[in-house]
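# What the coordinates show
Here is what each chain is made of, one letter per residue.
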Amino acid sequence: MKQILPVFRREFYGYFRSPVAYVFLVVFLVVSSGLTFYLGRFFDSRVASLDSFFTMQPWIYTFFISAVGMRLWAEEKRSGTWELLFTLPIRVKEAVIGKYLAGWAFIASGILLTFPLLFTVGYLGDPDWGPIFTGYLGSILMAGSFLAVCSFTSALTQNQVISFVISVVINLGLVFLGWSVFTNLLGFLPLVWVDALSNFSYTTHFNGFTRGLIVFKDLVFFLSLSAISLLLTVLVLER
Amino acid sequence: MIEVQSLHKQYGSINAVNGVNFEVNRGEILGFLGPNGAGKSTTMKMITGFIRPTSGTVLVDNIDVQKHPVSVKERIGYMPESGPVYGEMTVEEFLTFIAEVRGFDDATTKEDQIDRVCDLCRLNSVRHQSIETLSKGYKQRVGFAQAVLHDPPVLILDEPTDGLDPNQKKEVRKIIKSMAKDKVVILSTHILEEVSALCTRVIIIAKGQVIADESPESLLQRNKYFNALKLETEDVDLETVKQGLKDLPEVAAAEINDGSLEVFPKNKQSIETLVLKVCRENNWHISKFEKRPVSLDEVFWELTT
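The secondary structure content of chain B amounts to 11 helices and 14 strands. Over its C-alpha atoms chain B spans a radius of gyration of 25 Å, topping by over 25% the 19 Å that the globule rule assigns to 305 residues. The dimensions of chain B, computed from C-alpha atoms along their principal axes, are 80 × 45 × 30 Å. Counting every position in chain B, which comprises 305 residues, the buried fraction comes to 52%. Contacts in chain B between residues far apart in sequence, at least 24 positions, make up 65% of those at least 6 positions apart. Of the accessible surface of chain B, which amounts to about 13,700 Å², a share of 46% is contributed by carbon and sulfur atoms. Across chain B, the centroid of the 37 positively charged side chains sits 2 Å from that of the 46 negatively charged ones.

Here the focus is the overall build of chain A. In terms of regular secondary structure, chain A is built from 13 helices and 0 strands. Helices and strands appear in chain A in the N-to-C order α-α-α-α-α-α-α-α-α-α-α-α-α. In terms of overall dimensions, chain A is globule-like: its C-alpha atoms have a radius of gyration of 19 Å, near the 18 Å expected for 239 residues. By its C-alpha atoms, chain A is 55 × 45 × 30 Å across when sized along the principal axes. Evaluated residue by residue, chain A yields a buried proportion of 49% over its 239 residues. Of the contacts made within chain A by residues no fewer than 6 positions apart, 77% connect residues no fewer than 24 positions apart. When the accessible surface of chain A is split by element, carbon and sulfur atoms take 73% of a total near 11,100 Å². Charge-centre separation for chain A: the mean point of 15 positive side chains lies 8 Å from the mean point of 12 negative side chains.

Let's shift gears to the sheet that holds strand β14 (residues 286–291) of chain B. Residue and element names in this part refer to chain B. Pairing within the open sheet is antiparallel, and its 4 strands lie in the order β12-β13-β11-β14. The open sheet terminates on both sides in strands that have one partner only, identified here as β12 (251–257) and β14. Put simply, the sheet's adjacent strands are angled 20 degrees from each other on average, direction ignored. Contacts between helix α10 (residues 272–281) and the sheet are confined to β11 (229–233) and β14, with β14 contributing the most and set at about 170 degrees to the helix.

Residues and elements named next belong to chain A. It is the contact of helix α3 (residues 51–69) with helix α8 (residues 129–155), at a shortest axis distance of 9 Å, that shows an interaxial angle of 30 degrees. Between α3 and α8, the interaxial angle falls into the category roughly parallel. Pair α3 / α8 crosses with right-handed handedness. Across the interface between the two elements, Phe 53, Phe 54, Gln 57, Pro 58, Tyr 61, Thr 62, Ile 65, Ser 66 and Gly 69 of α3 pack against Pro 131, Ile 132, Gly 135, Tyr 136, Ser 139, Met 142, Ala 143, Phe 146, Leu 147, Cys 150 and Ser 154 of α8. The class makeup of the residues in the contact of α3 with α8 is 13 nonpolar, 7 polar and no charged.

A few words on the interface of chain A and chain B. Contacts between the two partners involve 23 residues from chain A and, on the opposite side, 25 residues from chain B. Taken together, both faces of the contact between chain A and chain B bury some 2,400 Å²; the carbon and sulfur share is 62%. When residues of chain A are sorted by the area they lose upon contact with chain B, Arg 10, Glu 83 and Leu 84 of chain A head the list and together hold 27% of the total. Our enumeration of links across chain A and chain B arrives at 8 residue pairs in polar contact (both at pLDDT 80 or more). Only α1 (4–17), α4 (71–79) and α5 (81–85) of chain A provide two or more residues apiece to the side of chain A that touches chain B. Along the lines of polarity and charge, the residues of the side of chain A that touches chain B split into 9 nonpolar, 5 polar and 9 charged.

What follows covers the sheet that holds strand β8 (residues 184–188) of chain B. Residue and element names in this part refer to chain B. Read across the open sheet, the 6 strands follow the order β6-β7-β8-β3-β9-β10; overall the sheet is mixed. Looking at the sheet topology across the chains shown, the edges are occupied by β6 (76–79) and β10 (209–214). Neighbour-to-neighbour, the strand axes of this sheet turn through a mean angle of 15 degrees, independent of strand direction. On top of the sheet, helix α11 (residues 296–304) reaches β3 (29–33), β9 (201–206) and β10; it is set at about 35 degrees to β9, its chief contact.

The next thing to look at is the nonpolar core. In terms of nonpolar packing, the biggest core is built from 135 residues, with Tyr 202 of chain A together with Ile 2, Phe 22, Ile 47, Phe 94 and Ile 186 of chain B touching the most fellow members. It is α8 of chain A that provides the largest number of residues to this core, a total of 11 residues. Excluding anything up to four places from it in sequence, Ile 2 of chain B contacts Phe 22, Glu 23, Val 24, Ile 47, Leu 59, Val 60, Val 154, Val 184 and Ile 186 of chain B.

Take the packing of aromatic side chains next. Residue and element names in this part refer to chain A. Taken as a whole and assessed by the stated rule, the structure comprises 31 aromatic pairs over all chains. Judged by centre distance (5.8 Å) and plane angle (15 degrees), the ring pair of Trp 73 and Phe 86 falls under stacked. Pair noted here: Trp 73 is in helix α4 and Phe 86 is in the loop between α5 and α6 (92–112), with a separation of 13 residues, a long-range link. Here Trp 73 matches Phe 86 in class, with each residue buried. The ring of Tyr 15 has Arg 71 lying over it, and the distance from NZ or CZ to the ring centre is 5.2 Å. Note that Lys 99 overlies the ring of Trp 73, its terminal NZ or CZ placed 5.0 Å from the centroid.

So, about unusual backbone geometry. Residue and element names in this part refer to chain B. Of note in the backbone geometry, Ser 6 takes a positive phi value of approximately 35 degrees without being a glycine. Structurally, Ser 6 can be placed in strand β1 (residues 2–11). Unusually for a residue other than glycine, Asn 62 sits at a positive phi of about 65 degrees. If you trace the backbone, Asn 62 turns up in the loop between β4 (55–60) and β5 (63–64). Relative accessible area serves as the criterion here: at 62%, Asn 62 is assigned to the exposed category.

On to the environment of Val 165 of chain A, then. Of note, Val 165 of chain A is situated in helix α9 (residues 160–176). On the basis of relative accessibility, which here comes to 44%, the residue Val 165 of chain A falls in the partly exposed class.

Here we take up helix α13 (residues 216–238) of chain A. Residue and element names in this part refer to chain A. An ideal rise of 1.5 Å per residue puts 33 Å on 23 residues; α13 measures up with 32 Å between its terminal C-alpha atoms. Listing the buried residues of α13 in full gives Asp 218, Phe 221, Phe 222, Leu 225, Ser 226, Ser 229, Leu 230, Thr 233, Val 234 and Leu 237. Backbone geometry just downstream of α13 places Arg 239 in the positive-phi region, at approximately 45 degrees.

This next bit is on the side chain of Ser 167 of chain A. All names here are of chain A. Within the secondary structure layout, Ser 167 lies in helix α9. Classification of Ser 167 by relative accessible area gives buried; the value is 0%. Within the local environment of Ser 167, its side chain forms a polar contact with the backbone oxygen of Phe 164, the two atoms lying 3.0 Å apart.

Cut-offs applied
- Residues numbered from 1 in each chain as written.
- Chains lettered and ligands numbered in written order.
- Predicted model: local features only at pLDDT ≥ 70, side-chain atom pairs only at ≥ 80, totals over all residues.
- Heavy atoms only, no water.
- Helix = DSSP H or I, 4+ residues; strand = E, 2+ residues; numbered from the N terminus.
- Rg over C-alpha atoms; globule rule 2.2 N^0.38 Å.
- Buried < 20%, exposed > 50% of the residue type's maximum accessible area, 1.4 Å probe, protein only.
- Contact = heavy atoms within 4.5 Å.
- Areas by Shrake-Rupley, 256 points an atom, 1.4 Å probe, with all protein chains shown as cover.
- Lys, Arg positive; Asp, Glu negative; His and termini not counted.
- Charge placed at Lys NZ, Arg CZ, Asp CG, Glu CD.
- Pairing = 2+ DSSP bridges.
- Axes fitted to C-alpha atoms, helices over the stretch in contact; angles between N-to-C directions.
- Parallel < 35°, antiparallel > 145°, perpendicular 65-115°, else oblique.
- Left-handed = near helix turned anticlockwise from the far one by under 90°.
- Nonpolar A, V, L, I, M, F, W, Y, C, P; charged D, E, K, R; others polar.
- Buried area = accessible area lost by both parts, 1.4 Å probe.
- Polar contact = N/O pair within 3.5 Å; in protein donor to acceptor, adjacent residues only side chain to side chain.
- Core = buried A, V, L, I, M, F, W, Y, C linked by side-chain atoms within 4.5 Å.
- Phe/Tyr/Trp six-rings, centres within 6.5 Å; stacked < 30°, edge-to-face > 60°.
- Lys NZ or Arg CZ within 6 Å of the ring centre and 35° of its normal.
- Expected span 1.5 Å × (residues − 1).

Have a look at this one:
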């Protein structure tokens with residue numbers, strides 16, 4: 001497992017070797033704070049909390065993380081570098097985990113760069129820091145699951161656009177399942193079914209974190225979704 | 001050192017590699033020849049463990065690639081075709097990554113190895129340039145440098161001189177030759193002169209099968225014109241000369257073609273002194289006497305079409 005480190009390092013610094021990373025970070029920060037203030041009506045709520053910020057996260061991630069994750073494997077396949085990578089003494093799982101962790105660390109740094117919001121709520125009022133802390137924790141965990149799904153879809157193809165589209169569809173589906181507007185449409189189904197379906201949603205499991213709760217089953221959901229997606233990535237790449 | 005046993009690879013209904021067998025030992029430089037799509041690259045990729053064979057085994061140092069891919073990959077330096085490397089990295093960063101993956105953890109040994117291959121492949125002037133900005137020749141050398149960084153006992157090079165100019169080709173061949181002494185080198189090429197210049201052994205692959213496995217010299221002997229002579233005369237009739245020569249025990253056949261006489265030896269032996277002697281004894285005046293130049297091209301063409 002020690003081979004994870006060089007792969008991680010190469011991949012993580014790789015983000016910053018191209019301008020894409022900076023463009024991504026800037027747009028991500030603008031969009032996530034913009035949506036918080038405008039669509040989330042941060043000021044109108046007159047509450048010093050980051051609820052409106054966290055509510056937007058799953059929607060933003062659907063597109064932004066798919067954009068980061070689409071190149072994970074598709075790019076290696078297209079340029080042929082995976083031939084180099086897999087003829088080096090590296091196990092497929094080490095490469096998959098190394099690259100995944102690098103992407104996750106990159107996204108996590110983007111999430112943490114939203115820290116000025118903390119000063120804003122701190123300045124405007126007296127927020128409850130507990131839910132903000134767990135909210136960030138849940139947000140990063142959830143981002144990990146989004147990215148793991150992208151890792152899998154990216155391994156399926158050498159075309160980044162295809163990878164992007166498939167991962168958006170899957171991730172959007174997993175967001176929709178927990179969205180009240182969508183679940184109301186499923187009114188014709190027995191309530192138990194709707195509940196069961198919404199259990200597969202990011203939003204359902206993220207809500208606890210935004211309310212300051214770290215629930216075991218939410219942790220299990222995010223971690224197992226990531227683990228399963230990564231396992232599928234390994235299986236696809238091992239051919 | 002490397003044993004390939006009845007290797008098969010099937011893509012759908014296509015047999016890309018269809019029962020390839022061979023063995024290579026230290027000190028050999030084995031050239032893979034074959035038309036495009038013959039299965040050279042696929043065979044190499046199976047030896048390196050990048051592609052899983054449909055059936056058959058590859059043993060490197062008696063280790064099965066499929067059972068212990070990582071230990072085999074530690075022993076192999078591989079340069080993929082058209083050298084795909086991470087373009088956005090600088091040469092130094094890329095080689096550092098390779099060194100770390102190859103297990104050189106300690107900073108000084110890592111530096112030493114990188115210095116060594118940069119000297120060997122003359123990369124010092126571009127060490128801090130990103131790879132995508134380099135010319136094809138330099139990119140190829142970066143690909144070669146990463147393959148030899150850990151001084152592997154086995155070197156597998158897929159068209160190492162492809163796309164290089166003649167000087168660069170010469171240089172890459174020189175490097176390969178200088179490294180080959182205690183290694184196994186397998187290289188694929190479709191440049192036949194490269195085989196004669198570099199290889200101690202040639203395997204010709206066509207349609208996924210080995211159709212020849214011998215030294216470049218003996219391959220050359222398969223040419224029907226090997227040691228054959230071509231004569232033209234001034235005063236005597238070619239027919240007379242033909243009659244006089246064709247019954248010599250060393251001569252297999254003599255034919256008249258386009259006003260010249262072609263004499264083919266038995267057992268590919270050299271017959272020029274003998275023929276000259278016979279001509280002098282008979283007082284035949286020879287106006288043209290030449291040994292036909294033979295090349296691998298004709299042999300290759302005959303074997304693969």
